[in-house]
Amino acid sequence: MKESNTLKWFLWIYIGLIFVFIFSPIIFSMIFSFNSARFPTIPLESFTWHWYETIWNDSDVWQAAKTSVIVSSCTAVIATALGFATAYSDFRYNFRFKGPYLALVLLPPTIPLIILALAMLAWFSKIGTSGQIYSIVIAHSVMTAPFAMAIIRLRLNQIDENLEAAAWNLGASEWRAMKEVILPFCKPAIVSSLCLTAAVSFDEFAVAWFVSGLNKTIPVMIMEIVTGNIDPRVNAIGTFVFITSMTLVIIAQIFFMTRPKEASAQ
Amino acid sequence: MNTQKKSTQKKRRFNLYAMVWRTPIIVWQLLFFVGPLLFMIAMSFFLVKNYRMIEAFEMKNWIKMFSKNYFWDSYYLTFGLASLSTIIATVIAFPASFALAFKVSDNVRRWVIFLLIIPFFTSYLVRIFSWYVILAESGVINAMLSYVGLGPYTMLNTMFGTLVGYMTLCLPLVVILQTFSLANVDKNLIQAAKNLGCSPIKTIYSVIIPLAKTGLIVAALFCFILSFGDFVSPYYLGGSKPPTLPILIIDTTKSGQQWPRAAVVAVVMMATLITIAFAALALAYKKRASR
């Protein structure tokens, strides 16, 4: 008994240390964003809003924020639509070449970003769509559609397969059954997917950096600032980015975990 | 059952409804995923003259890159760092995943995974910048160590720095995947091993690890892919001397305008990753030798 208690404590401390490791950069970034020191270290100097005021008054930051919001919301909509269509096809139909079909959809996240970035840059230059805001949207949709597909597919796993067929038997067309049975059932997963894909797009820097041209997104801007030298403004922008994407990921997870029963009772 | 029957009945005729859902992703991925990758492979045979890319089919870029020592230095460095990262992440993650799979309630496990998913999708770049500040010569860690009379240690621009970055990237994912695979191990078999007098340590490596093998290898594979392709950690924390392959791609593309040579590096990376992935998956799904 005593031994297993010691072991339990050891394992808890161990998990705690891993959490410290994973979360300390996020927490330090937030702390330093309110610290007056030019080079962030301990002991902390005085509390300040200075870095936030600097970025608030910086029109470049506003421009980048605007681009980021446009890119991530467009990406979220396109990726979720594609992901939904694909998840539904996989759920409902068996067809030839389904294996390659699913591979085609799910492979992008396994390709290193830098390779996708180069490939997209070259391809977009070739077909003459380089350096536009929509180039980033297209690239991000390719990268995030698999996440959308996975989230919605897992949700469809929970549906009673006879539900859709019952709607048909009651005289609903396939389109009507989609609208009144499948879509409402998938609503939590769709919200979840919108948030998650938006978060991934909002944070993505490699592909955006390559294909964005002059339309910098926030992460691309951070990268350019960081390459220069240590600038505490990054902590303020970073805190804003952390809060935005963490909120999106948390909402995504909450909707993802919504129990099937609650939704089907609607 | 019902749905499947329906789809086979309709198979002969063109089914508009089915196609509306099935086709968009095919078109989209062919245009913007397969297209770019194939074009990149083709591009590795193009030529650059007067800063302009000319479509051609020449081996020049390949010969050029393969004959450079710096390319091979980068290759071995990147491969070595990614392997090291995979081993370290697997070893560090295992006790935590073990505890999460066997020693806590389902509820606690769900919460811990909930918390681990957040950083995985959150601003890797900013987290690395934060590490840059924390690990610096006068940064947080050295400041703390100086209170107890140690240091300062140089952590930036070292392999240690790069690995800290890789762990930031991979550790949450590896813990999550390992936990899933360990939690799926049949608890009865563990109990059986215990009843038959198997020591806890022996149970772990001769019962639990073999049973969870597939998931453990997949977790390691993801870690390798992520580390192999990451340029942020080796650049900002590792000092980029010598550059890793992803940094080489950036340098060649951004400053040199040598897209075809960057494409050579990218194709070599892809080939390496595909080989590793197949090897890993073969190992993961290999049946244990029959006795």
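Preceding this section is the structure that the text describes.
Residues numbered from 1 in each chain as written. Chains lettered and ligands numbered in written order. Predicted model: local features only at pLDDT ≥ 70, side-chain atom pairs only at ≥ 80, totals over all residues. Heavy atoms only, no water.

**Details of the pattern of salt bridges**
All names here are of chain A.
- Scanning the model with the defined rule gives nine salt bridges over all chains in all.
- Residue Asp 90 is joined to Lys 98 by a salt bridge in which the shortest nitrogen-to-oxygen separation is 3.1 Å. This pair shows no difference in class: Asp 90 is buried, exactly as Lys 98 is.
- The residue Glu 224 makes a salt bridge to Lys 216 at a minimum N-O spacing of 3.1 Å.
- Connected through shared salt-bridge partners, Asp 90, Lys 98 and Arg 153 make up one network. (Salt bridge = Lys/Arg side-chain N within 4 Å of Asp/Glu carboxyl O. Buried < 20%, exposed > 50% of the residue type's maximum accessible area, 1.4 Å probe, protein only.)

**Here's the deal with the packing of helix H13 (residues 245-255) of chain B against helix H14 (residues 259-285) of chain B**
All names here are of chain B.
- Close contact between H13 and H14 brings their axes to 8 Å; oriented N to C, the two are set at 165 degrees. When the interaxial angle is binned, H13 and H14 end up roughly antiparallel. For the pair H13 and H14, the sense of crossing is left-handed. Across the interface between the two elements, Leu 245, Pro 246, Leu 248, Ile 249, Thr 252 and Thr 253 from H13 touch Trp 259, Arg 261, Ala 262, Val 265, Ala 266 and Met 269 from H14.
- When grouped by side-chain class, the residues that make up the contact of H13 with H14 number nine nonpolar, two polar and one charged. (Axes fitted to C-alpha atoms, helices over the stretch in contact; angles between N-to-C directions. Helix = DSSP H or I, 4+ residues; strand = E, 2+ residues; numbered from the N terminus. Parallel < 35°, antiparallel > 145°, perpendicular 65-115°, else oblique. Left-handed = near helix turned anticlockwise from the far one by under 90°. Contact = heavy atoms within 4.5 Å. Nonpolar A, V, L, I, M, F, W, Y, C, P; charged D, E, K, R; others polar.)

**Comments concerning the interface of chain A and chain B**
- Across the contact, 93 residues belong to chain A and 91 residues belong to chain B.
- Summed over both sides, the interface of chain A with chain B buries roughly 8,400 Å², with 80% coming from carbon and sulfur.
- One can count one salt bridge joining chain A with chain B.
- A:Lys126 is the salt-bridge partner of B:Glu55, the closest N and O atoms lying 2.7 Å from each other. (Buried area = accessible area lost by both parts, 1.4 Å probe.)

**Focus on a nonpolar patch on the surface**
- On the surface, B:Met144, B:Tyr147, B:Val148, B:Leu150 and B:Tyr153 cluster together into a nonpolar patch covering about 560 Å² of accessible area.
- In this structure, B:Tyr147 sits in helix H7 (residues 140-147). (Patch = residues over 30% accessible without salt bridge, like charges linked within 9 Å, V, L, I, M, F, W, Y side chains within 5 Å. Areas by Shrake-Rupley, 256 points an atom, 1.4 Å probe, with all protein chains shown as cover.)

**Quick notes on the nonpolar core**
- Within the largest apolar cluster, 170 residues are counted, with the highest numbers of intra-cluster contacts made by A:Ile115, A:Ile182, A:Ile222, B:Met40 and B:Phe231.
- When residues no more than four places from it in sequence are discounted, the contact partners of B:Met40 are A:Ile115, A:Leu118, A:Ala119, B:Ala263, B:Ala266 and B:Val267.
- Grouped together as the second largest cluster of nonpolar side chains are ten residues, B:Phe94, B:Phe98, B:Leu182 and B:Ile190 included. (Core = buried A, V, L, I, M, F, W, Y, C linked by side-chain atoms within 4.5 Å.)

**Let's talk about the environment of B:Asp251**
- Relative to the elements of secondary structure, B:Asp251 occurs in helix H13.
- As a C-alpha pair, B:Asp251 and B:Thr168 span 83 residues in sequence and 24 Å in three-dimensional space.

**Description of the packing of aromatic side chains**
- All chains considered together, the criterion is met by 48 aromatic pairs over all chains.
- Residues B:Phe129 and B:Tyr132 carry aromatic rings whose centres are separated by 6.5 Å and whose planes lie at 10 degrees to one another, so their mutual orientation is stacked. One end of the pair is B:Phe129 and the other is B:Tyr132, both in helix H6 (residues 124-135) and three residues apart, which spans about a single turn.
- Given a relative accessible area of 3%, B:Phe129 falls into the buried group.
- Here the aromatic cluster, defined as three or more aromatic residues joined through ring pairs, consists of B:Phe45, B:Phe57, B:Trp62, B:Phe66, B:Phe71, B:Trp72, B:Tyr75, B:Tyr76, B:Phe79, B:Phe224 and B:Phe228.
- Between B:Arg22 and the ring centre of A:Phe95, over which it is positioned, the NZ or CZ distance is 3.9 Å.
- A cation over an aromatic ring shows up here: B:Lys254 above the ring of A:Phe210, its NZ or CZ 5.0 Å from the ring centre. (Phe/Tyr/Trp six-rings, centres within 6.5 Å; stacked < 30°, edge-to-face > 60°. Lys NZ or Arg CZ within 6 Å of the ring centre and 35° of its normal.)

**Some points on the side chain of B:Thr122**
- Assignment of secondary structure puts B:Thr122 in the loop between helix H5 (106-120) and H6.
- The buried category is assigned to B:Thr122, whose relative accessible area is 1%.
- Setting aside residues no more than four positions away along its own chain, B:Thr122 makes contact with A:Asp203, A:Phe242, A:Ser245, A:Met246 and B:Arg127.

**A few points about helix H8 (residues 159-183) of chain B**
All names here are of chain B.
- End to end, H8 covers 34 Å across 25 residues, agreeing with the expected 36 Å (1.5 Å per residue, within 8%).
- Considering bend angle alone, the principal kink of H8 is centred on Cys 170 and spans about 45 degrees; proline Pro 172 follows within four residues of it.
- Of all 25 residues making up H8, 20 are buried, and the element is well covered by its neighbours.
- Two to three positions downstream of the cap, the backbone nitrogen of Phe 160 sits 3.3 Å from a side-chain oxygen, assigning the N-cap of H8 to Thr 158. (Expected span 1.5 Å × (residues − 1). Bend = angle between axes of the 7 residues up to and from the residue. Polar contact = N/O pair within 3.5 Å; in protein donor to acceptor, adjacent residues only side chain to side chain.)

**Some details on the environment of A:Phe32**
- As for its placement among the helices and strands, A:Phe32 is situated in helix H1 (residues 2-32).
- Classification of A:Phe32 as buried rests on a relative accessible area of 2%.
- Leave out the neighbours within four places in its chain, and A:Phe32 touches A:Pro40, A:Thr41, A:Leu44, A:Trp51, A:Asn235, B:Val133 and B:Val140.

**Some remarks on unusual backbone geometry**
Residue and element names in this part refer to chain B.
- Put simply, Lys 241 and Pro 242 share a cis peptide bond, and its omega is -5 degrees.
- Phi at Ser 123 is positive, roughly 25 degrees, even though this residue is not glycine.
- Along the chain, Ser 123 falls in the loop between H5 and H6.
- On the basis of relative accessibility, which here comes to 3%, the residue Ser 123 falls in the buried class.
- Not every positive phi belongs to a glycine, and Asn 157 is a case in point at roughly 55 degrees.
- Among the structural elements, Asn 157 can be located in the loop between H7 and H8.

Everything listed here is a matter of coordinates, which is why it stays silent on function.
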